[in-house]
Amino acid sequence: MAEFFDQTADGEPGLALFLNAGDPPLDVLADLVFMLDDAGVDCLELAVPFPGSVTDGPVIRRSHERALALGVGLDEVLTFISHVRPKLHRLRIALLADWSYSIKSRPMAEVVGDIAEAGADGLLLHAVPPRVRPGYYQATRDAGLPVVATCYHKVSTQQVMTEAVDNASAYLYLVAQYGRSGTAPAEGYADLAGTIAELRLDTRVPIAVGFGVKTRADVTAVHALGADAVIVGSAGVARVEEALAYNRDVVKEFADFVRSVHPAHTLA
């Protein structure tokens with residue numbers, strides 16, 4: 001398996017979990033991040049919250065809103081990463097940011113440099129216009145910041161898939177179904193195998209599958225089709241939402257969720 005998930009034992013799928021920075025609040029999130037590191041999780045896909053996401057379902061959209069209500073933006077997220085990243089032993093952090101909301105107003109080279117300096121291990125930039133992409137890829141190369149590139153099963157054109165393969169240097173995020181996050185393919189994951197195999201011919205970086213992956217059975221099924229890693233988003237965010245709503249211990253609730261979704265990653 002390629003470098004980004006090289007902390008995963010042979011034969012085990014890498015596990016990436018999505019959370020919005022600020023949901024839970026950043027002080028609680030810090031404890032949650034350290035728990036993930038102790039639990040053996042490979043990657044935290046940490047989003048800078050942004051409003052009106054057209055690719056997210058209601059669970060993650062509500063999470064964005066809670067985080068935005070606390071005033072969490074790119075600067076706060078980078079400060080957060082700079083504080084927690086040096087204390088992590090295993091967990092890597094892939095920053096997800098929306099180009100229009102969080103990046104557009106700043107010079108690309110400058111903001112990419114700031115993200116790299118904060119300690120992010122990778123960057124997934126959401127909704128980058130085609131005219132901006134060459135400058136984005138150049139800036140990440142100059143800063144030595146690995147890129148998470150995305151493509152969609154069944155929907156992405158050959159051109160989009162080729163661009164993703166050519167520029168992914170952290171991992172390649174294969175979205176299992178076109179639509180909103182949290183929605184699994186109605187017919188299941190079986191026909192992902194062909195897309196994964198096609199991508200595998202042209203890339204050495206890990207292929208991670210997300211959207212609708214919620215259970216241990218989903219993780220096992222996707223890994224069996226050839227994916228190196230899985231990305232779990234809405235199911236975990238829902239546990240955060242429930243814990244906050246009922247004033248429960250968010251870190252404990254999320255640790256229980258981690259144990260339930262991935263049998264290979266357990267707390268000591």
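The residue numbering used here restarts from 1 in each chain and proceeds along that chain's sequence as written. Per-residue local features of the predicted model are confined to residues with pLDDT of at least 70, and side-chain atom pairs are confined, for both listing and counting, to 80 or more; whole-chain, interface and lining totals are unaffected and use all residues. Calculation of side-chain values draws on the structure's entire complement of heavy atoms; hydrogens and water are dropped beforehand.

- Naming follows an unreviewed UniProt entry, where the chain appears as tryptophan synthase of Kibdelosporangium phytohabitans.
- UniProt positions are given in the numbering used here, feature names are shortened, and annotations may be inferred rather than shown by experiment. Taken from UniProt, the Subunit (unreviewed entry) comment for the chain reads in full: "Tetramer of two alpha and two beta chains."
- Of the chain, the UniProt comment under Sequence similarities (unreviewed entry) reads exactly: "Belongs to the TrpA family."

### Describing the pairing of strand β2 (residues 43-47)
Then step 1. Burial analysis of β2 places 5 of its 5 residues in the buried class, the great majority of the element.
Then step 2. Exposure classes here rest on a 1.4 Å probe applied to the protein chains alone. A residue is buried below 20% of its type maximum, exposed above 50%, and partly exposed in between. Working definition: helices are DSSP H or I runs of at least four residues, strands are E runs of at least two. Numbering for both runs from the N terminus. Residues C43, E45 and A47 line one face of β2 and the alternating positions L44 and L46 line the opposite face, and both faces are buried.
Then step 3. Here, a strand pair is defined by DSSP locating no fewer than two bridges between the strands. Direction of pairing for strand β1 (residues 14-20) relative to β2: parallel, over a ladder of 5 bridges. Bridge pairing in β2 links A16 to C43.
Then step 4. Tracing the backbone out of β1, into helix α1 (residues 26-39) and back to the parallel element β2 gives a crossover that is right-handed.
Then step 5. For β2 and strand β3 (residues 92-98), the ladder comprises 5 bridges, and the chain directions are parallel. Note on β3: the bridge partner recorded for L46 is L95. Orienting the strands away from the viewer, one traces the path from the first strand over the helix to the second; a clockwise path indicates a right-handed crossover.

### Notes on the sheet that holds strand β4 (residues 122-126)
Then step 1. The sheet built from 8 strands is open, its strands ordered β4-β3-β2-β1-β8-β7-β6-β5 with parallel pairing. The outermost strands of the open sheet, each flanked by one partner alone, are β4 and β5 (148-152). When strand polarity is set aside, the average angle formed by the axes of neighbouring strands in this sheet is 25 degrees. Note on geometry: axes are lines fitted to C-alpha atoms, helical ones only across the stretch in contact, with angles between N-to-C directions running from 0 to 180 degrees.

### Quick notes on the pattern of salt bridges
Then step 1. Basic side-chain nitrogens of Lys or Arg form a salt bridge, by our definition, when they fall within 4 Å of a carboxyl oxygen of Asp or Glu. Evaluated as defined, the whole model comprises 13 salt bridges.
Then step 2. When the shortest N-O distance is used, the salt bridge between E241 and R66 registers 2.8 Å. Residue E241 is found in helix α10 (residues 234-245), and its partner R66 is found in helix α2 (residues 58-69); the two are separated by 175 residues along the sequence.
Then step 3. Accessibility expressed as a relative area gives 18% for E241, which makes it buried.

### Let's talk about the side chain of S102
Then step 1. Mapped onto the elements, S102 comes out in helix α4 (residues 99-103).
Then step 2. Looking at S102, the relative accessible area reads 7%, which means it is buried.
Then step 3. In this view, S102 contacts V48, L74 and A97; residues no more than four positions away in its chain are not counted. Contacts between residues were defined by any pair of non-hydrogen atoms, one from each residue, lying within 4.5 Å.

### Digging into helix α7 (residues 158-167)
Then step 1. What α7 keeps buried is the set M161, A164, V165 and N167.
Then step 2. Looking at the buried side of α7, the elements it contacts are α6 (133-143), β5, β6 (171-175) and α8 (192-200).

### Remarks on α2
Then step 1. The end-to-end C-alpha distance of α2 is 16 Å, a good match for the 16 Å that 12 residues give at a rise of 1.5 Å each.
Then step 2. Every buried residue belonging to α2 is among V59, I60, S63, H64 and A67, and all of these are buried. The buried residues of α2 occupy an angular sector of 140 degrees when projected down its axis, which confines them to one face. For α2, the exposed residues set more than 90 degrees away from the buried face come down to P58, E65 and A69. Here the expected length of a helix is defined as 1.5 Å per residue gap, with one fewer gap than residues. The arc in question is traced by the directions running from the helix axis to the C-beta atoms.

### Some remarks on the environment of V148
Then step 1. Within the secondary structure, V148 is located in strand β5.
Then step 2. Residues V148 and L46, spaced 102 residues apart in sequence, show a C-alpha to C-alpha distance of 12 Å.
Then step 3. Beyond its immediate chain neighbours, meaning those up to four positions away, V148 contacts A94, L123, L124, A170, Y171 and Y173.

### Topic: the packing of α1 against helix α11 (residues 250-261)
Then step 1. Between α1 and α11, the least distance of the axes is 9 Å, while the angle of their chain directions is 30 degrees. Classed by the angle they form, the pair α1 and α11 counts as roughly parallel. The hand of the α1/α11 crossing is right-handed. Where α1 abuts α11, its residues V28, D31, L32, M35, L36 and A39 lie against V250, V251, F254, A255 and V258.
Then step 2. Amino acid classes used here: Ala, Val, Leu, Ile, Met, Phe, Trp, Tyr, Cys and Pro are nonpolar; Asp, Glu, Lys and Arg are charged; the rest, including Gly, are polar. Considered class by class, the residues forming the contact of α1 with α11 number 10 nonpolar, no polar and 1 charged. Oblique is the label for any angle not covered by the other classes, which are roughly parallel (under 35 degrees), roughly antiparallel (over 145) and roughly perpendicular (65 to 115). Two helices cross in a left-handed way if the nearer one is turned anticlockwise from the farther one by less than a right angle. They cross in a right-handed way if the turn is clockwise.

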